[in-house]
Amino acid sequence: MPQHVVDQWNKLAENLSALNLADEAQRKAKVKELQELIQGHGIPSNLRKKAWTAFAGTTESKSKFPSDYYQSLVKDINVKGSPDVLDQIDKDIKRTFPDCSKFREEEEKMLERVLKAFSIHNPSVGYAQSMNFVCAILLIVLEDEEDAFWVMVHIVEHILTGYYLSNLIGCQIDQKVVESLVEKHLPKLHKHFEETGLALSLVTIPWLLCIYLLALPMEVAIVVLDNVLYRGRYVIILTCLAILQMNENVIFQTKEGTNIAILLKDITTHTFDKSSLLKAIFSWSNIKESEIQNLATKFREELIKANFERVKQSEIYSLQRSTKLTRKELETLYSEFTKLAKRENAQEYTNTGYIQYQDFAQILPSVLPKFGKNDVELKHLWSTFDANKDQKLDYKELTIGLSTLYRCSSEKKLQFCFDVYDINKNGRLEKEELRAILFSAKQTLKLPFNLDKTVVKTFATLDKDKDGFISFGEFKQVLLVEPSLLQFFLPPEQFTSVQAEVPIAKKKSCSIM
């Protein structure tokens, strides 16, 4: 690095810690020459730790949590960590820069702690491959695992938003932005990729996920990371364009898409120097950040919509085969469910999401108008529908419950209803549980019987061994003795003997139909 550049950096160094350099407006207003220095030369190695932690706003981030927050995460790894996530991290530790002299056993232990702590800090992301390489570089440069943790938090949550979700939606968005810009600004190269059958994503997605740390020589990749930490995803996009443009000639000479991918991997890891690459990256500054942001917004909407539709079709196809609801019924129910559904991460449409108890109470009248008329019954239903007892109801759980009530055999329907009120889940009803059933039936259907007398009569008649409980077999007999209760538990087309299978009538019986 030229001496005059070093001198400029030394003058700026005193101000780095005092400024909130995570705030772009403050950077531009108070350190005007900083951008020019970073874009032209990167950050001097002796100032990189101070600059990276300042850019990431680590002091401010730490202030939002208890002083021992990181240590508490490390302490709770084996208690709060997901076993699958922890296992994947363990597998990837030894694969991380195995030939790097600066990354040995002690660094591996720190990497393991930081990644596992992050997976607890942000469980919606957890861990994804490539995060290990990013975190390893942070440890090498910062030489402090807690600082590495906070810079990692900044990168994953504020720069590479959505990159490491299970559907990689953030990375997919940037990949589509790159393809769009290549088509617009490098049309000949775009055409060549099409003619050779190269799916550009096969090359560029690995670049993006690891922020070029595996695609470029380490000393060059670190300088790129200087700029990424300073200006964000904008630099990631421009770097991709720069690498492709710098290799246009050799790419045009290669006529097979597979060979182009191999060629780019070989060239990028051996031939770049940081000065030429930085110059090439910022030669693309005519592309404004606003243009990239507009493209990202467009592709985000398209990808979320596509992911949503893919999940929908997959779920409906699966449940159409495993339940007895029609496709139209499943689609209608899916539409109602997704109006209320929540997700751990709003961008991640890899599942149907879930509804909570209050959402269940809202959706129930439209799909089970005879049930849930009071809080007690509603809680019984919620507990039975919630098969895995996680206090969340996914689309599958809701659908299977409804299918049981509307399409399964009389025996299964009654078993389901029995389970709803079997609060203790011991396979038998106590007097108070039977009272809850009769109370709901009386309230819903406005039946004239005396509740207390009916409970006493039921036990006196059917509790043969006088143990104060009613088994499922006895429960079925209760319904046969009191036919009016059938109207409470079964849809109209099933008003027949519970001892026989009844063909499903063609007429509609549920408001979701």
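Keep in mind it's a predicted model, so treat the numbers as computed, not measured.

Turning next to the overall build of the chain. When helices and strands are counted, the chain shows 29 helices and two strands. In the chain, the share of contacts with a sequence separation of at least 24, taken over all contacts with a separation of at least 6, comes to 69%. As presented, the chain carries roughly 24500 Å² of accessible surface, and 51% of it is formed by carbon and sulfur atoms.

As for its placement among the helices and strands, N167 is situated in the loop between α11 (145-159) and α12 (169-185). Residues N167 and N307, spaced 140 residues apart in sequence, show a C-alpha to C-alpha distance of 8.7 Å.

What follows is about the nonpolar core. Here is a general trend for soluble globular proteins: nonpolar side chains tend to be buried in one another's company. Counting 115 residues, the largest nonpolar core has W52, M131, F149, Y164 and Y212 as its most contacted members. Among the elements that line this core, the one with the most residues is helix α10 (residues 131-142), at 11 residues.

Another aspect to go through is the packing of helix α15 (residues 218-231) against helix α19 (residues 274-282). Viewed as axis vectors pointing N to C, α15 and α19 meet at an angle of 35 degrees, and their least axial separation amounts to 9 Å. You can see that α15 and α19 cross each other, and the crossing is right-handed. Of the residues in α19, those touching α15 at E219, V220, V223, V224, N227 and R231 are K274, L277, L278, I281 and F282. For the contact of α15 with α19, the class distribution of residues is seven nonpolar, one polar and three charged.

What follows concerns the packing of helix α4 (residues 48-55) against α15. Closest axis-to-axis distance for the α4/α15 pair is 9 Å, and the angle between their directions is 35 degrees. Note on packing geometry: the crossing formed by α4 with α15 is left-handed. Judged by residue contacts, R48, W52 and F55 of α4 engage I222, V223, L225, D226, L229 and Y230 from α15. The residue makeup of the contact of α4 with α15, split by class, is seven nonpolar, no polar and two charged.

Let's shift gears to the packing of aromatic side chains. Tallied over the entire structure, the rule returns 19 aromatic pairs. Seen from their ring centres, F65 and W150 are 5.4 Å apart, and the 45 degrees between their planes marks the pair as tilted. With F65 in the loop between α5 (58-63) and α6 (69-75) and W150 in helix α11, this pair connects stretches of sequence that are 85 residues apart. Looking at K392, its charged tip hangs above the ring of Y354, at a distance of 4.6 Å from the centre. A cation sits over an aromatic face here: R428 above F469, 3.7 Å from the ring centre.

With 15 residues, α11 should reach 21 Å at 1.5 Å per residue; the first-to-last C-alpha distance of 20 Å fits that figure. Of all 15 residues in α11, 13 are buried, a share of seventy percent or more.

In this section: the pattern of salt bridges. Under the counting rule described, the total for this entry stands at 20 salt bridges. With a shortest N-O distance of 2.9 Å, E108 and K94 are connected by a salt bridge. Within this pair, whereas E108 is found in helix α9 (residues 105-121), its partner K94 is found in the loop between α8 (83-93) and α9, the two being separated by 14 residues in sequence. Residue E108 is classed as buried on the basis of its relative accessible area of 14%. Salt-bridge contacts for E106 lead to R113; the nearest nitrogen and oxygen are separated by 4.0 Å. Taken together, the shared-partner salt bridges in this structure form one network comprising D90, E112 and K116.

Cut-offs used in this document
- Residues numbered from 1 in each chain as written.
- Predicted model: local features only at pLDDT ≥ 70, side-chain atom pairs only at ≥ 80, totals over all residues.
- Heavy atoms only, no water.
- Helix = DSSP H or I, 4+ residues; strand = E, 2+ residues; numbered from the N terminus.
- Contact = heavy atoms within 4.5 Å.
- Areas by Shrake-Rupley, 256 points an atom, 1.4 Å probe, with all protein chains shown as cover.
- Core = buried A, V, L, I, M, F, W, Y, C linked by side-chain atoms within 4.5 Å.
- Buried < 20%, exposed > 50% of the residue type's maximum accessible area, 1.4 Å probe, protein only.
- Axes fitted to C-alpha atoms, helices over the stretch in contact; angles between N-to-C directions.
- Left-handed = near helix turned anticlockwise from the far one by under 90°.
- Nonpolar A, V, L, I, M, F, W, Y, C, P; charged D, E, K, R; others polar.
- Phe/Tyr/Trp six-rings, centres within 6.5 Å; stacked < 30°, edge-to-face > 60°.
- Lys NZ or Arg CZ within 6 Å of the ring centre and 35° of its normal.
- Expected span 1.5 Å × (residues − 1).
- Salt bridge = Lys/Arg side-chain N within 4 Å of Asp/Glu carboxyl O.

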